[in-house]
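What the coordinates show
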Amino acid sequence: MAENRPAQTFELDATDAGVTLAAALRRRLAGESWSDVRALCTTGKVSLDGERTLDPAARVSAGQRIELRPNAPKPHTVPAGFRIAFEDAHLVVIEKPSGITSVPYERKETGTALDLIRASWKRAGKRATVTPLYTVHRIDKDTSGLLAFAKTKLAERALHEVFQRHTAARAYLAVAEGDVTAARIESQIVPDRGDGIRGSTRQPNQGQLAITYVEPLRHYARKSTGPAGRAGSIVATLCRVRLETGRTHQIRIHLSERGHPLVGETVYIRDLLRDGRQPLPAPRLMLHAALLGFPHPVTGVPIRLEAAPPEDFMKVIESLGGARDDCRI
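In this report, we go over the structure that sits alongside the text. (Residues numbered from 1 in each chain as written. Predicted model: local features only at pLDDT ≥ 70, side-chain atom pairs only at ≥ 80, totals over all residues. Heavy atoms only, no water.)

This next bit is on the side chain of T201. Mapped onto the secondary structure, T201 falls in strand β11 (residues 199–201). Separated by 3.0 Å, the side chain of T201 and the backbone nitrogen of Q203 make a polar contact. With sequence-adjacent residues up to four places away left out, T201 is seen in contact with Q188, V190 and Q206. (Helix = DSSP H or I, 4+ residues; strand = E, 2+ residues; numbered from the N terminus. Polar contact = N/O pair within 3.5 Å; in protein donor to acceptor, adjacent residues only side chain to side chain. Contact = heavy atoms within 4.5 Å.)

Shown next as C-alpha cells:
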C-alpha cells in the first residue's frame, strides 16, 4: 500500500447502497487488497461524511462521502475500562482495567496506570509531563477498578496516612468458586507459606495481620448435568468483599484458603487442583474494586466513588447466568 498516496474524496452512488465501507473503498482503489483497505480504516485514514470511521464493516449509503487521507495520524486508543472517575488540583482517581499494573515495577516498564493518566491528560491538552503523580495505594495488575493517586505532596501525605491506617472505605466485587457463605476472615499473611507463594501462617509473631469480610450477593448454579456434578449445584458465588487491612493478594489468599479461589485465579489454586477439580474458565481474574471512599486530603470533604464492573467482568457474570443488577455494591 503506497504511503505517498494523495488525499482523495469519493462520492457514493446507488451501487454502494448497503455495502461495507471497505467494499465501497476498494472499488475505488484499484489493485489494493482487502487487508490493505481494512487497514486504512482501522488506522484512522478514512472518514465517512466528515467523521473518522474505524470499522471497515460499517454499512454505507448512496450520497455519502468517503475521504481518504493516508497521512492522517493513528487514532489515540484508550484501553477498555479506563476512565478518570474524579480529579481536582490535589488528586486523581481512575478506573483501572484488568491487566494494567498500578505503577512500573521495572525501570523502563510502560503501559501502567500512570501512563494511562498522562496519556489522557495529553489528549485533553494538559501539561501531561509536568504534574507529578504520587502513589498512595495499589491494586493488583489483574484486578480492575478504582485507584487513587495524589498530585501534590500535601495530598500524598494525607492519603498515605488514610491508606496506611486502613481508614479508607473499600469494597470489591469478587466471583469465587463454589458456595461461599458470609464470613470474617482473619490471618497472618507471609510472603512464602512454604511453597514459594504468599499465604497465611499459624506461626506466632510472623506475617502481617489481614482481615477480610465476605458477603455473598448471589449464587450461580450449574445449568445442566455432566461429569462435574449434578444440575442445580452451586458452581460460583458473587460476593461483596470489604477490607479492614490491605495486604498484597489478601482477598485472593483468604478465599482460596477457605476452598473458594476466585474465578480466573491462576496462582492460588493448589488445593482446588489437589481435590481433582478444574477451575471455571474466565479470561480475567474476577475481582473488581467497586467502591472507594475517604476524606479529601485537603478540604476534608467526604469522597465516595463507585465503579460499575467493566464489560469483560460482566461477560463472565452473564456466562454464569447472572446480570448487571447482581453487581450493586
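From this point, the discussion proceeds with the structure in view.
Taken as a whole and assessed by the stated rule, the structure comprises one aromatic pair. Looking at R242, its charged tip hangs above the ring of Y213, at a distance of 4.3 Å from the centre. (Phe/Tyr/Trp six-rings, centres within 6.5 Å; stacked < 30°, edge-to-face > 60°. Lys NZ or Arg CZ within 6 Å of the ring centre and 35° of its normal.)

We now examine helix α1 (residues 21–28). Three or more residues of α1 are buried, namely L21, A22, A23, A24 and L25. Next to the buried residues of α1 lie β1 (8–11), α2 (34–42), β2 (46–48) and β4 (65–68). (Buried < 20%, exposed > 50% of the residue type's maximum accessible area, 1.4 Å probe, protein only.)

What follows deals with the nonpolar core. Ranked by size, the top nonpolar core spans 31 residues in total, and within it I94, F149 and Y172 carry the most contacts. The set of elements that each furnish at least two residues to this core consists of β6 (91–96), α3 (113–123), β8 (144–150), β9 (169–177), β10 (183–190), β13 (234–243), α5 (250–257) and β14 (287–295). With five residues, α3 is the single largest residue contributor to this core. (Core = buried A, V, L, I, M, F, W, Y, C linked by side-chain atoms within 4.5 Å.)

Here we come to the side chain of E95. Inspection of the secondary structure assignment puts E95 in strand β6. Here R83 takes part through its side chain, which lies 2.8 Å from a polar atom of the side chain of E95. Leaving out residues up to four positions away in the same chain, E95 has contacts with G81, F82, R83, A85, G145, L146, E306, A307 and A308.

Across the two faces of strand β15 (residues 302–306) the burial differs, with I303 and L305 buried and P302, R304 and E306 not buried at all. In the sheet, β14 pairs with β15 via five bridges, with the strands oriented antiparallel. Within β15, the position partnered with P295 by the bridge is P302. Between β14 and the antiparallel strand that follows it, β15, lie six residues; G300 among them carries a positive phi value of about 80 degrees. (Pairing = 2+ DSSP bridges.)

Everything listed is a geometric property; what it means functionally is a separate question.
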